[in-house]
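Take a look at the letters that make up each chain.
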Amino acid sequence: MSGVKISNAIKKYESVQVIHGVDLDVEDGEFCVFVGPSGCGKSTLLRMIAGLEETTGGTIQIGDRDVTHADPAERGIAMVFQTYALYPHMTVEQNMGFGLKMNGVEKDVIKQKVRDASQILKLDDYLDRKPKALSGGQRQRVAIGRAIVRGPEVFLFDEPLSNLDAELRVEMRVELARLHKEIGATMIYVTHDQVEAMTLADKIVVLRAGIVEQVGSPMKLYKDPDNKFVAGFIGSPGMNFLNATVASKAVKIPAFGDRQVSTSADLSKAGTDISVGVRPQHLTIDPTGSDLSVNLVEHLGGVTYVYLDAGTGERIIVETNADEDVLEIGTKVSVSFEAENMMLFDAKTEKRVR
Ligand code: ADP
Ligand code: MG
């Protein structure tokens, strides 16, 4: 098994550059997730690792081999796509073994590999079925099975769960986590869904416009983002950002009635304007205050989201476990939070001010 090392990777489509010098180390056996908005280059970078896109500059290493310009078949990878494209006239067993058969692998060996994979994927009872007699989740498992039987050093997944309904997605997410534990191979997984990234990854790579914004464990990115983009992208609902001004060792927040919150962050280079970030989970409704008015209350069962409007025109979301039934639309309230849960971002560069 092998890790993947990407050094200064560049991708240009004619004059348009879409990957701008990406450096990344994926450890052997790691579950690494590329996450970012649509069009940021996740698939392109994954396809460069797979050899399905020519790399314009830089190098890609799998294990200790430089595979930058190697054929996809020589890279020791297997890829699973969003659309699983099974052969409709073949059974599950034939679909899973087809690649090996084309490579001239012996019948008995194929049979054993398919049996092993189907056991891991809980497909034993479906080996004789055709794809049309399978659910979406089962079909996606067959597609994953096709990858497993090849025994790759690195699995590459491009949004493999995006075509499934919400319930199945959660189920398959759990399956994938189990699969990774069980076979222990290096996996690189692309998604635009930060919840998938948070739940599956050992390491998350946040991409924006072909640039790596931050790399880290899910909780590292949640608790200690380097910039406003990562802070806003990771976590759900997204972090609240409020305009504020710097007042010596404090920030003054107009949306919260010009409240001053003192901070230990180094504000010396921050200029006069600053962006204050507080997560919905870290805000508490204070019914005695009156800076904000209740715009909407969403009950999700276990949690409630309260949407508040500030006099500044800014909107704030509070996540609460309390029963907020009593909050009628238009009610005036305030919010409280611990200063240590407040993050500050340079208003211009959007970099974290620590
Ligand atoms: P993601 O998977 O993050 O949604 P992609 O990697 O598919 O994004 O695309 C990244 C960028 O590269 C996009 O702006 C897209 O329009 C561009 N792109 C992708 N494929 C091509 C291509 N064959 N020719 C030109 N531009 C492309
Ligand atoms: Mg994509």
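Residues numbered from 1 in each chain as written. Chains lettered and ligands numbered in written order. Predicted model: local features only at pLDDT ≥ 70, side-chain atom pairs only at ≥ 80, totals over all residues. Heavy atoms only, no water.

**Some remarks on the environment of Asp71**
Alright, step 1. Mapped onto the secondary structure, Asp71 falls in the loop between strand E5 (65-66) and strand E6 (77-80).
Alright, step 2. A relative accessible area of 46% means that Asp71 is categorised as partly exposed.
Alright, step 3. Residues Asp71 and Glu54 lie 17 residues apart in sequence; the distance between their C-alpha atoms is 9.9 Å. (Helix = DSSP H or I, 4+ residues; strand = E, 2+ residues; numbered from the N terminus. Buried < 20%, exposed > 50% of the residue type's maximum accessible area, 1.4 Å probe, protein only.)

**Here we look at the sheet that holds strand E8 (residues 186-191)**
Alright, step 1. Reading across the sheet, the six strands line up as E6-E7-E8-E3-E9-E10 and stay open at both edges, with mixed pairing between neighbours. In this open sheet, the two strands that pair with only one neighbour each are E6 and strand E10 (211-216). The sheet shows a mean angle of 15 degrees between the axes of neighbouring strands, taken without regard to direction.
Alright, step 2. Across four bridges, E6 lies against strand E7 (residues 154-158) in parallel orientation. Counted as the bridge partner of Ala78 is Phe155 from E7.
Alright, step 3. Docked against the sheet, helix H5 (residues 166-183) engages strand E3 (31-35), E7 and E8, running at close to 160 degrees with respect to E8. (Pairing = 2+ DSSP bridges. Axes fitted to C-alpha atoms, helices over the stretch in contact; angles between N-to-C directions. Contact = heavy atoms within 4.5 Å.)

**Focus: the sheet that holds strand E19 (residues 332-336)**
Alright, step 1. Here we have five strands laid out as an open sheet, ordered E15-E19-E16-E17-E18, and antiparallel in their pairing. The strands lining the two open edges of the sheet, one partner per strand, are strand E15 (284-286) and strand E18 (315-320). Strand-to-strand twist of the sheet, defined as the mean angle between neighbouring strand axes without regard to direction, takes the value 45 degrees.
Alright, step 2. In this sheet, E18 lies alongside strand E17 (residues 304-310) in antiparallel orientation, the contact comprising six bridges. Across the sheet, residue Tyr307 finds its bridge partner in E18, namely Ile317.

**Considering the site of ligand 1**
Alright, step 1. Around ligand 1, the neighbouring residues are Tyr13, Val18, Pro37, Ser38, Gly39, Cys40, Gly41, Lys42, Ser43 and Thr44.
Alright, step 2. Within the contact set of ligand 1, a nitrogen atom lies 3.3 Å away from a side-chain nitrogen or oxygen of Tyr13.
Alright, step 3. Protein coverage of the free-state accessible area of ligand 1, which is 560 Å², stands at 55%.
Alright, step 4. Looking at the shell around ligand 1, the element that brings in the most residues is helix H1 (residues 42-50), giving three residues.
Alright, step 5. Within the shell around ligand 1, the residues separate by chemical class into four nonpolar, five polar and one charged. (Near = heavy atom within 4 Å. Polar contact = N/O pair within 3.5 Å; in protein donor to acceptor, adjacent residues only side chain to side chain. Areas by Shrake-Rupley, 256 points an atom, 1.4 Å probe, with all protein chains shown as cover. Nonpolar A, V, L, I, M, F, W, Y, C, P; charged D, E, K, R; others polar.)

**A word on the packing of aromatic side chains**
Pairs of aromatic rings are described using the distance from one ring centre to the other and the angle between the two planes.
Alright, step 1. Under the criterion given, the structure shown has seven aromatic pairs.
Alright, step 2. For the pair Phe229 and Phe233, a centre-to-centre distance of 5.8 Å together with 20 degrees between the ring planes defines the contact as stacked. A residue pair is termed a helical-turn pair when its members lie 3 or 4 positions apart in one helix, as Phe229 and Phe233 do in helix H8 (residues 228-233) at four residues. In terms of burial, Phe229 and Phe233 fall into one category: buried.
Alright, step 3. Measuring from ring centre to ring centre gives 5.9 Å for Phe256 and Phe337, while their planes differ by 50 degrees; the resulting arrangement is tilted. On the criterion of sequence distance, the pair formed by Phe256 in the loop between strand E12 (250-253) and strand E13 (259-262) and Phe337 in the loop between E19 and strand E20 (343-346) is long-range, its members being 81 residues apart. Exposure class is identical for Phe256 and Phe337. Each is buried.
Alright, step 4. An aromatic cluster of three or more residues is present, and its members are Phe31, Phe155, Phe157 and Tyr189.
Alright, step 5. The ring of Phe241 is capped by Lys228, whose NZ or CZ atom sits 5.1 Å from the centre of that ring.
Alright, step 6. Taking NZ or CZ as reference, Arg279 lies 4.1 Å from the ring centre of Tyr222, over its face. (Phe/Tyr/Trp six-rings, centres within 6.5 Å; stacked < 30°, edge-to-face > 60°. Lys NZ or Arg CZ within 6 Å of the ring centre and 35° of its normal.)

**Description of the pattern of salt bridges**
Alright, step 1. The final tally for this structure, using the stated rule, is 17 salt bridges.
Alright, step 2. Here Arg178 makes a salt bridge to Glu175, at a shortest N to O gap of 3.2 Å. Here Arg178 and its partner Glu175 are both found in helix H5, three residues apart, which amounts to about one turn of the helix.
Alright, step 3. The residue Arg178 makes a salt bridge to Glu182 at a minimum N-O spacing of 3.1 Å. (Salt bridge = Lys/Arg side-chain N within 4 Å of Asp/Glu carboxyl O.)

**Remarks on the side chain of Ser334**
Alright, step 1. The residue Ser334 is located in strand E19 in this model.
Alright, step 2. One polar contact links Ser334 to Arg259, side chain to side chain, over a distance of 3.3 Å.

**Some thoughts on the side chain of Ser118**
Alright, step 1. Examined against the element boundaries, Ser118 turns out to sit in helix H3 (residues 107-120).
Alright, step 2. Looking at Ser118, the relative accessible area reads 0%, which means it is buried.
Alright, step 3. Once residues lying within four places of it in the same chain are set aside, the contact partners of Ser118 are Met96, Leu123, Asp124 and Leu127.

**Some thoughts on the domain arrangement of the chain**
Alright, step 1. In terms of domain boundaries, the chain breaks down into domain 1 (4-230) and domain 2 (237-353).
Alright, step 2. Computed over C-alpha atoms only, the centres of domain 1 and domain 2 are separated by 38 Å.
Alright, step 3. Opposite the nine residues of domain 1 that make contact, domain 2 presents nine residues.
Alright, step 4. Surface buried jointly by domain 1 and domain 2 totals about 810 Å² across both partners, of which 49% is contributed by carbon and sulfur atoms.
Alright, step 5. Across the pair Asp224 and Arg352 runs a salt bridge whose closest N-O atoms are separated by 3.0 Å.
Alright, step 6. Counting the contacts that link domain 1 with domain 2 gives seven residue pairs in polar contact (both at pLDDT 80 or more).
Alright, step 7. The greatest single-element share of the side of domain 1 that touches domain 2, amounting to three residues, is contributed by helix H7 (residues 218-223). (Domains from an automatic or database assignment. Buried area = accessible area lost by both parts, 1.4 Å probe.)

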